[in-house]
Amino acid sequence: MKKYILTAFLFFAIFSVLNAQDSRRRPNRTTPTVQKQQTDSVAPVPDNFPVTGTTVDTAKVDIPPIYGWKISPRLGERIFLPMDTAIINFHQSMLVDGLDVNVGYLGNVGSPAQSMIFFDRPESSRFVFLDAMHYWRKDPQDKYYLNTKVPYSNVRYQTGGGGQSAEQRLQTEISMNMGKKLNVGFDFDYVYSRGNYTSLSNKQMNYDFYASYIGDKYKMHAFLSNNNFNNIENGGITNPLYITNPNSDEIVQTQFRGNSLDIPVRMQSTWNKMRGKHLYVTNRYDLGNDEEEYMVNDTTKAWRKKANYISPASVIFTTHYTDQKRRFLSDYAGMDTLYHYYNNIDGESVDLEPKYMSNINDFMSYYSFKNTFALAMNEGFRKWTKFGLTAFAEYDMRKYSMPGGLPGLHERYGENALTIGGVLSKEKGKYLRYKASAEFNILDGKDYKLEGEITTMLNLFGKQVSAKANGYIKSISPSFFQKNFSTKYWNWDSENTNFSNTNRVYVGGEINFPELSFSKTRISGGMENIKNYIYYNEKKITAQESGSVQVVSLRLDQELKAGIFHWDNQIVYQKSGNENVIPLPQLSIYSNIYLMTKIAKVLTLQMGVDGHFFTEYYAPGYEPLTMQFYNQREEKIGNFPITTAYVNLHLKFTRFYIMMYNLTNGMGNGESFTLYRYPVNPRMLKLGISWRFNN
């Protein structure tokens, strides 16, 4: 392992030396120079600086004092994004509910969670136990890089409830430039949520170090992160009537007095513990000569940067090492009566004896060492090159381990993937931009992805309308832990599951209408056909639907305002062709009514009420043993709003909120659930603050 890491850093060092040796004689400070040179391809905010996902990396622009971007993990292309300085809706950014239009989760901050919007769910990862934590984990593509002229730091803190049910989250970020080209930073994220229900606590401590070097010819991004998740599991409450109808005879007989911590749960003294790390470095070196010789006077020559120079080609090398570990353990005496012992044979259960008789203590791990080499022809280096073209090859070495036949023994497995592909893109121009990519795993012979996106501008009643269409065709092999699983209770392997590749075909698009004085509108939608979809069935084990399932979605984002009155809505309609395989709420709504004004011309006040609502459906359950969301057909959930009354304040670099969460708790049908057996937190007061420093 050490030799691979050493190789990656030697490669980085060689590139740095090459960049240093390329320097030439410069004119002195009194020598005339060309226009100011920058390193990226789009203009600054607010008009032209990329705020919605442009990935071009070669034009020269004036750059604001502080700006940020994310990167594409394979090629290290920069995707510029706006800074997190939103004046409104700060309270929603600190809620699990606010992570999407509607989210199914266990109840408190740091919980396993899944979006109810099908097309917002990420593709299943190679280590499936992390999928339920994707809102809290940080992969290379999630890292937000900064470039700032002065040291930058940001502290965010939120708290809610108190005593035995308090929840807290502290996030800090520090970033500083060491010169114009090198930036280093550190992020820290700590979650401690004791939970409003027995044995449902979360404790997380995640941190990362990062660096970026954006030179004239050499660019580098480095990312080292650690994730640490500790979830105490309760398996959900024993009876939903404790929430929906606590006055029923069945509940009254239990002497229940209304305290959520007194509601019986299915398990105690049970933990899911996960540890992991990422080490990621991507290097990009631009070929060609970016300098020219010119005459200072009749007898003196000097070198200067070429104006508007674009490198003809770039060499890219990316290294990504990750390892993840998951342990499931329990001291709960009732576990043996809670779980049946069986194997998964083609989606059907076969009863067996438990693997061992001591308390459950099962360990799984995943390791990946991935290297990518790419050669890119850059868009615009000649007038006739109206597009960019990149070819790449990627080798991924993967290792897995899971419990063996006897306690304490582990079985180890390995697999390799060699992926080749290319990207064709046009990222410049106002009226037509596109990007198409293709990749194929030549070792597997079955995995492939074809993806495309095209963006244009249309004229509607004299106004410019942005329109985008996108689609893909994918054939995705099952991940190792979908095909293989081993614990004290449940066991299956690839010979029994016999899964085929999942084939997905998607087409969709969006239209952004011109912003008016009273309205802002965006319409998007898509349709996907999925064959051989892998899911967790009513028995909570993996299954595959051999036929095809269609999913259709249409979304409206509408913002209305009149003076200080605002009404924002996000409405999503979804239809699944097979609710037994992919259950979805047909209608999901987030609505926010508020007043916004200035106090003393410096303090922004936002005061309002918002709510999340979804129509009734067989919402998934969550299984701690597999850490997966499974389909259930016992109870429908929905038709109940999760509402919040809030006040947001914004003063220069400080944001603050105070809210009363779940105002409608106990009202109407009382269905304050987002997952089967997992109610959301009861009514509670929450506070939060964000304090940004630039000095």
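Refer to the structure printed above.
Now for a description of the structure that goes with this document. (Residues numbered from 1 in each chain as written. Predicted model: local features only at pLDDT ≥ 70, side-chain atom pairs only at ≥ 80, totals over all residues. Heavy atoms only, no water.)

**Describing the side chain of S193**
Stated formally: Put simply, DSSP marks the helices as runs of H or I at least four residues long and the strands as runs of E at least two long, and each gets a number from the N terminus on. Remark: exposure states derive from per-residue accessible area (1.4 Å probe, protein chains only) relative to the maximum for the residue type, with buried under 20%, exposed over 50%, and partly exposed in between. Pairs of N or O atoms are called polar contacts if they sit within 3.5 Å, as long as, within protein, a hydrogen donor faces a hydrogen acceptor (for residues adjacent in sequence, only side-chain-to-side-chain pairs). Here, residues are in contact when the closest pair of their heavy atoms is within 4.5 Å.
Within the secondary structure layout, S193 lies in strand β8 (residues 182-193). With a relative accessible area of 1%, S193 lands in the buried category. Side chain to side chain, S193 and N108 meet in a polar contact 3.0 Å long. The residues touching S193, leaving out its near neighbours within four places in the chain, are N108, V109, A166, E167, L200, S201 and N202.

**A word on the packing of aromatic side chains**
Stated precisely, the cut-off is as follows: Whether two aromatic rings pair depends on their centres lying within 6.5 Å, for rings of Phe, Tyr and Trp, where Trp uses its six-membered ring; planes under 30 degrees apart make the pair stacked, over 60 edge-to-face, and the rest tilted.
Applying the stated criterion to the full structure yields 34 aromatic pairs. Here W69 and F80 contribute two aromatic rings whose centre-to-centre distance is 6.2 Å and whose plane-to-plane angle is 55°, an arrangement assigned as tilted. Of this pair, W69 sits in strand β1 (residues 66-71) while F80 sits in strand β2 (residues 78-81), and the two are 11 residues apart along the sequence. Comparing W69 with F80 shows no difference in burial state: the two are buried.

**Here we look at the pattern of salt bridges**
The line we're drawing: Salt-bridge detection follows one rule: a side-chain nitrogen of Lys or Arg within 4 Å of a carboxyl oxygen of Asp or Glu.
Inspection of every chain in the model, using the stated rule, returns 32 salt bridges. With a shortest N-O distance of 3.0 Å, E123 and K474 are connected by a salt bridge. Of the two residues, E123 is situated in the loop between β4 (113-115) and β5 (145-148) and K474 in strand β22 (residues 463-476); the sequence distance between them amounts to 351 residues. With relative accessibility at 11%, the residue K474 sits in the buried group. Two residues, D323 and K277, come together in a salt bridge whose shortest N-O distance is 3.4 Å. Residue D323 is located in strand β14 (residues 313-330), and its partner K277 is located in strand β11 (residues 270-286); the two are separated by 46 residues in the primary sequence. A relative accessible area of 7% places D323 in the buried class. Relative accessible area serves as the criterion here: at 31%, K277 is assigned to the partly exposed category. Several salt bridges converge on common partners, so that one network encompasses D120, E453, K468, E510, R522, R555 and D557.

**Thoughts on the pairing of strand β28 (residues 565-576)**
On any regular strand, side chains alternate: one points to one face of the sheet, the next to the other face. What counts, and what does not: Only when DSSP finds a minimum of two bridges between them are two strands counted as paired.
Two strands pair when backbone bridges link them, and strand β27 (residues 542-562) and β28 are joined in this way by 12 bridges, in the antiparallel orientation. Following the sheet pairing, R555 is matched in β28 by V572. Linking two consecutive strands that pair antiparallel, namely β27 and β28, is a turn of 2 residues; a positive phi of about 70° is found at G563 within it. Where β28 and strand β29 (residues 587-599) come together, 9 bridges link them in antiparallel fashion. When the bridges of β29 are listed, H566 appears paired with Y594.

**So, a nonpolar patch on the surface**
Formally: Residues forming no salt bridge and having over 30% relative accessible area are the ones grouped into patches, like charges within 9 Å of each other and nonpolar side chains (Val, Leu, Ile, Met, Phe, Trp, Tyr) within 5 Å. In this description, accessible areas are obtained by the Shrake-Rupley approach with a 1.4 Å probe, and a residue is regarded as covered only by the protein chains that are shown.
On the surface, a nonpolar cluster with roughly 730 Å² of combined accessible area is contributed by Y395, I420, F440, I442, L443, Y448, L450, I473 and V505. Relative to the assigned elements, F440 resides in strand β20 (residues 432-441). For F440, a relative accessible area of 32% corresponds to the partly exposed category.

**Digging into the nonpolar core**
Test applied: What makes a nonpolar core is a set of buried Ala, Val, Leu, Ile, Met, Phe, Trp, Tyr and Cys residues whose side-chain atoms join them at distances within 4.5 Å.
Counting 71 residues, the largest nonpolar core has F129, M274, F481, Y489, W490, Y622 and Y661 as its most contacted members. Among the elements that make up this core, the one with the highest residue count is strand β34 (residues 654-661) (3 residues). Contacts of Y489, omitting those with residues within four sequence positions, involve M335, D336, Y339, H340, Y341, Y342, I360 and L625. In terms of nonpolar packing, the next biggest core, distinct from the first, is built from 13 residues, W69, F80, Y145 and Y152 among them.

All we've got here are geometric facts, nothing functional implied.
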